[in-house]
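An overview of the molecular structure
The chain contents come next:
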Amino acid sequence: REVLAPMRSTEAEDLLSALDRLPGSLEDQGWGARARDPEQSDLPKGWSVHRQGDRVFYHHPEHGSQWSKPGEEFPDGWTSHVGPCGRTYYHHPEHGSRWDPPLL
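Here's what I pulled together on the structure shown here. (Residues numbered from 1 in each chain as written. Predicted model: local features only at pLDDT ≥ 70, side-chain atom pairs only at ≥ 80, totals over all residues. Heavy atoms only, no water.)

This part is about the side chain of S80. Along the polypeptide, S80 turns up in strand β5 (residues 79–82). Sequence-distant contacts of S80, that is, excluding residues within four places in its chain, are made with W67, S68, K69, E72, F74, T88, Y89 and Y90. (Helix = DSSP H or I, 4+ residues; strand = E, 2+ residues; numbered from the N terminus. Contact = heavy atoms within 4.5 Å.)

Dropping the structure here:
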């Protein structure tokens, strides 16, 4: 997986999908399963999108993992997340959540 994940090709994605379907895979354990997310193509180079249960997280081999989508800039305190429905929403600890991105 570590060799295939950074590769941005259809073949690498197909192999990773096949690995995820094997019995005993991380997907079967509910951890780190690769998400089938159309936003994958919107990510900066090297980032990939994954799921832990119903939550989406993003991973980069050098920068690690994070819950908010990389490459987006928001005012202080705002983060983006992908809900179980697959739609992106924005959250601030004091202002709550909303569908529209906050303005800089």
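Still more ground to cover, so stick around.
Let us look at the environment of R55. Note on placement: R55 falls in strand β3 (residues 55–60). On the basis of relative accessibility, which here comes to 44%, the residue R55 falls in the partly exposed class. C-alpha of R55 to C-alpha of W67: the two residues are twelve residues apart in sequence and 8.3 Å apart in space. R55 has contacts with H50 and W67, leaving out every residue within four places of it along the chain. (Buried < 20%, exposed > 50% of the residue type's maximum accessible area, 1.4 Å probe, protein only.)

It is worth spelling out the pattern of salt bridges at this point. Applying the stated criterion across every chain, the model contains one salt bridge. In this structure, K69 engages D42 in a salt bridge whose closest nitrogen and oxygen atoms are separated by 3.9 Å. Of this pair, K69 sits in the loop between β4 (64–66) and β5 while D42 is found in the loop between β1 (33–34) and β2 (48–52), placing the two residues 27 residues apart along the sequence. On the basis of relative accessibility, which here comes to 11%, the residue K69 falls in the buried class. (Salt bridge = Lys/Arg side-chain N within 4 Å of Asp/Glu carboxyl O.)

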